[in-house]
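# Inside the fold
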Amino acid sequence: MTATIQRLVTPATPTVPAKADVIALPKPASRPSSWQKTLGHVAANVIPPLVVMALGLFIWEILCSTPGASLPAPSRIWTEAAELIYSPFFDYGQGDIGLGLRVLTSLQRVAIGFGLAAVIGVMVGALIGQSIWAMRGLDPIFQILRTVPPLAWLPLSLAAFMDAAPSAIFVIFITSVWPVLINTAVGVRNIPQDYHNVARILQLNQLEFFFKIMIPAAAPYIFTGLRIGIGLSWLAIVAAEMLTGGVGIGFFIWDAWNSSRLSDIIVALAYIGLVGFILDKLVSAIGAFVTRGTSAN
Amino acid sequence: MTYLKIENVDKHFDRGGVRSEVLKDVSLDIAQGEVISIIGHSGCGKSTLLNLIAGLTEVSSGGIQLEGREVNGPGPERAVVFQNHSLLPWLTVYENVNLAVAKVFGRSKTGAERHHWIMQNLDLVQMSHAKDKRPTEISGGMKQRVGIARALAMQPKILLLDEPFGALDALTRAHLQDAVMDIQKRLGSTMIMITHDVDEAVLLSDRIVMMSNGPSARIGEVLDVPLERPRNRIELASDRTYLKCREAVLKFLYERHRFVEAG
């Protein structure tokens with residue numbers, strides 16, 4: 001026993017360290033650096049749609065290059081509407097302006113109409129969401145109004161406003177307000193009781209509750225509504241402008257149709273599609289940024 | 001000296017013309033600095049009793065007084081630690097505590113004082129290292145610590161804990177129980193804790209309130225736990241007083257008020 005202790009405390013002779021060969025492990029295959037990864041990721045997402053698009057254009061070219069084709073082939077669009085494609089911001093005066101400028105005027109209308117819809121939709125939705133009876137009473141009506149096509153509102157708003165510009169904005173508003181409103185109301189209804197309890201113990205007033213609890217808690221729902229809403233406004237603006245005139249992209253298509261410039265119409269369609277896509281991504285990116293942490297509970 | 005007085009409290013809920021009696025004639029006096037556990041089978045109205053004290057629900061008859069003042073609504077002087085932490089997921093740990101501090105001390109403390117106070121409370125639960133994390137990025141035990149910090153930061157007269165460790169694993173629970181005992185010792189807080197864990201009740205409390213089964217649950221028995229503080233769970237494991245208290249609670253729960261599953 002004592003011997004053991006002594007040996008533990010003062011080792012008599014330094015033990016010879018066991019000899020072991022160092023085995024060199026094979027070097028791990030060099031990992032792709034972060035920029036290589038990003039590049040690979042981008043390529044994986046960008047190359048497939050480019051390939052499909054090239055293929056589509058090729059088939060389209062073949063189908064429409066026969067002499068009697070009713071629609072222009074891509075090559076003809078390029079020769080006929082080249083200026084529209086590569087110079088979006090020209091301004092020759094008298095309403096002869098590039099598609100970029102036209103899109104901007106349309107976007108301005110959307111910004112006003114959709115902005116109003118977003119603010120009013122969130123406010124009214126928050127009020128309705130707090131009351132079970134308001135929800136029961138109003139929800140069926142909203143569900144019906146929601147399905148009315150944008151253009152169906154136009155005659156009514158023209159009659160009410162007697163002017164094309166506010167009518168177009170009103171149509172945007174009335175089309176996009178419903179999804180915002182309904183989603184906000186649902187989001188507010190779904191705020192967990194615990195958050196209400198926290199607010200009550202802290203004695204938050206209505207305003208503090210609205211900004212500090214209700215809006216952030218319902219934000220994922222609100223942004224779903226906003227995303228649907230912005231898509232609908234973009235649908236509505238083109239249709240409304242076709243009828244109300246002016247300098248927007250919708251009117252441009254109507255004008256091009258009346259003067260049989262089919263190539264211009266196709267270029268305009270590409271513009272509208274791209275802008276709609278960007279708007280959707282923009283709202284969803286803002287939503288993802290604002291609601292980070294909220295959706296995962 | 002009575003600090004919190006619960007006097008002949010009844011509570012019933014009316015739903016669709018049907019009255020369900022939850023609590024019947026509950027009376028209890030609690031002194032300042034006391035730690036009380038409320039234990040009972042599920043459905044016995046423990047949570048209802050806590051909500052009544054918190055002011056989140058109203059009493060049907062009877063009254064609750066804190067320092068001689070009638071409780072008639074929720075307020076930060078009766079802070080609640082919720083079972084599922086109830087942290088706001090879009091705020092960081094710091095911001096969650098700040099929500100409470102800004103509201104309670106917005107006028108009485110300067111910005112620097114408030115910051116200091118938040119950090120002091122986060123230190124108390126050993127969470128200041130995670131002050132910039134969001135609730136989704138920390139573990140369940142850590143969330144509960146932040147929940148406790150938020151409640152303490154309101155500088156409550158009484159701390160109400162609603163099964164605070166119920167959702168945690170056994171080891172984390174033990175850690176947090178020790179943390180709560182330590183905090184209670186340092187601050188001398190008055191606490192009421194709901195639990196369904198017999199060991200937790202005996203370890204933490206000065207008195208254990210045992211509830212009879214609902215409906216119309218009442219206080220079946222109040223058990224004094226005459227153990228010296230600070231308490232050490234390992235030493236207590238073989239302590240005779242501890243074991244006797246434990247046995248008394250077990251007998252109450254499983255012999256005299258055996259849980260009957262509502263059919």
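Calculation notes
Residues numbered from 1 in each chain as written. Chains lettered and ligands numbered in written order. Predicted model: local features only at pLDDT ≥ 70, side-chain atom pairs only at ≥ 80, totals over all residues. Heavy atoms only, no water. Helix = DSSP H or I, 4+ residues; strand = E, 2+ residues; numbered from the N terminus. Rg over C-alpha atoms; globule rule 2.2 N^0.38 Å. Buried < 20%, exposed > 50% of the residue type's maximum accessible area, 1.4 Å probe, protein only. Contact = heavy atoms within 4.5 Å. Areas by Shrake-Rupley, 256 points an atom, 1.4 Å probe, with all protein chains shown as cover. Pairing = 2+ DSSP bridges. Axes fitted to C-alpha atoms, helices over the stretch in contact; angles between N-to-C directions. UniProt positions renumbered as here; feature names shortened; annotations may be inferred. Patch = residues over 30% accessible without salt bridge, like charges linked within 9 Å, V, L, I, M, F, W, Y side chains within 5 Å. Salt bridge = Lys/Arg side-chain N within 4 Å of Asp/Glu carboxyl O. Expected span 1.5 Å × (residues − 1). Bend = angle between axes of the 7 residues up to and from the residue. Core = buried A, V, L, I, M, F, W, Y, C linked by side-chain atoms within 4.5 Å. Domains from an automatic or database assignment. Parallel < 35°, antiparallel > 145°, perpendicular 65-115°, else oblique. Left-handed = near helix turned anticlockwise from the far one by under 90°. Buried area = accessible area lost by both parts, 1.4 Å probe. Polar contact = N/O pair within 3.5 Å; in protein donor to acceptor, adjacent residues only side chain to side chain.

### So, the overall build of chain B
Within chain B, the secondary structure is distributed over eight helices and 10 strands. Its C-alpha radius of gyration of 19 Å places chain B within 12% of the 18 Å reference for a compact globule of 263 residues. Its C-alpha atoms put chain B at 55 × 50 × 40 Å along the principal axes. Relative to its 263 residues, chain B shows a buried fraction of 51%. Counting only contacts in chain B whose residues sit at least 6 apart along the sequence, the fraction spanning at least 24 positions is 69%. Of the roughly 12,300 Å² of accessible surface on chain B, 47% is carried by carbon and sulfur atoms.

### With respect to the sheet that holds strand S6 (residues 78-81) of chain B
Strand pairing within a sheet occurs via backbone hydrogen bonds; the two strands may be parallel or antiparallel. All names here are of chain B. An order of S6-S7-S8-S3-S9-S10 is seen for the six strands of this open sheet, with the pairing classed as mixed. Across the chains shown, the open sheet's two edge strands, defined by having one partner strand only, are S6 and strand S10 (219-224). Each strand of the sheet is rotated relative to its neighbour by a mean of 20°, with strand direction disregarded. By the bridge criterion, five bridges tie strand S9 (residues 207-211) to S10 in an arrangement that is antiparallel. Across the sheet, the residue bridging to Val209 is Val222, located in S10.

### So, the UniProt feature "domain: ABC transmembrane type-1" (unreviewed entry) in chain A
Those residues carrying the UniProt feature "domain: ABC transmembrane type-1" (unreviewed entry) are residues 103-284 of chain A in this numbering. End C-alpha atoms of residues 103-284 of chain A are separated by 21 Å, and the span's content is 87% helix alongside 0% strand.

### Focus on a nonpolar patch on the surface
Residues Ile112, Leu116, Val119, Ile120, Met123 and Val124 of chain A make up a contiguous nonpolar surface patch of about 480 Å² in total accessible area. Mapped onto the fold, Ile112 of chain A is located in helix H4 (residues 99-130).

### With respect to helix H7 (residues 164-189) of chain A
Residues and elements named next belong to chain A. For H7, which comprises 26 residues, the first-to-last C-alpha distance of 38 Å matches the rise-based estimate of 38 Å (1.5 Å per residue) to within 8%. Largest kink in H7: about 35°, centred on Val177, with the proline Pro179 one to four residues after it. With 20 of its 26 residues buried, H7 lies for the most part within the structure.

### Let's talk about unusual backbone geometry
All names here are of chain B. That bond from Arg229 to Pro230 is cis: its omega, -5°, falls within 30 degrees of zero. Position of Pro230 relative to the elements: it lies in the loop between S10 and helix H7 (233-236). Phi at Glu67 is positive, roughly 50°, even though this residue is not glycine. Mapping Glu67 onto the fold places it in the loop between strand S4 (61-66) and strand S5 (69-70).

### Focus on the nonpolar core
Ranked by size, the top nonpolar core spans 151 residues in total, and within it Leu4, Leu122, Ile192, Val202, Ile208, Met211 and Val249 of chain B carry the most contacts. Among the elements that make up this core, the one with the highest residue count is helix H9 (residues 206-244) of chain A (15 residues). Split by domain, this core shows at least three residues from each of two domains, domain 1 (1-77 + 158-262) and domain 2 (83-155) of chain B. Discounting residues that sit within four places of it in the chain, Leu122 of chain B has contacts with Val93, Tyr94, Val97, Met127, Ser128, Lys131 and Ala149 of chain B.

### Here we look at the packing of helix H6 (residues 154-161) of chain A against H7 of chain A
Residues and elements named next belong to chain A. One can describe the packing of H6 onto H7 by two numbers: an axis separation of 9 Å at closest approach and a directional angle of 135°. In terms of orientation, H6 and H7 fall into the oblique class. Every pair of crossing elements has a handedness; the one defined by H6 and H7 is right-handed. Two secondary-structure elements touch here, H6 through Leu154, Ser157, Leu158 and Phe161 and H7 through Ala164, Pro166, Ser167, Phe170 and Val171.

### With respect to the sheet that holds S5 of chain B
All names here are of chain B. Strand order in the open sheet made by the four strands is S2-S1-S4-S5, with antiparallel pairing throughout. The open sheet terminates on both sides in strands that have one partner only, identified here as strand S2 (18-31) and S5. When S4 meets S5, the two strands line up antiparallel, connected through two bridges. Directly across from Leu66, in S5, lies its bridge partner Arg69. Most of the contacts of helix H1 (residues 46-54) go to strand S1 (residues 2-15), to which it runs at about 115°, and overall it touches S1, S2 and S4.

### Describing the interface of chain A and chain B
Contacts between chain A and chain B engage 20 residues on the former and 23 residues on the latter. Taken together, both faces of the contact between chain A and chain B bury some 1,900 Å²; the carbon and sulfur share is 66%. The largest share of the area that chain A buries against chain B comes from Arg200, Ile201 and Leu202 of chain A, three residues that together contribute 34% of it. Joining chain A to chain B, the criterion identifies one salt bridge. With a shortest N-O distance of 2.9 Å, Glu208 of chain A and Lys103 of chain B are connected by a salt bridge. Remark: the boundary between chain A and chain B carries five residue pairs in polar contact (both at pLDDT 80 or more). Of all elements in the fold, only helix H8 (193-201) and H9 of chain A reach the threshold of two or more residues within the side of chain A that touches chain B. Broken down by element, the side of chain A that touches chain B gets its largest block of residues, six residues, from H8 of chain A.

### Points about the UniProt feature "domain: ABC transporter" (unreviewed entry) in chain B
In the numbering used here, UniProt assigns the "domain: ABC transporter" (unreviewed entry) feature to residues 4-238 of chain B. When the span residues 4-238 of chain B is considered, its composition is 34% helix and 28% strand, and the gap between its end C-alpha atoms is 34 Å.

### So, the pattern of salt bridges
Residue and element names in this part refer to chain A. Summed over all chains, the structure comprises 21 salt bridges over all chains. Linking Glu80 and Arg76 is a salt bridge whose minimum nitrogen-to-oxygen distance equals 3.1 Å. Of this pair, Glu80 and Arg76 both sit in helix H3 (residues 74-86), separated by four residues, roughly a single helical turn. Judged by relative accessible area, which is 46%, Glu80 ranks as partly exposed.

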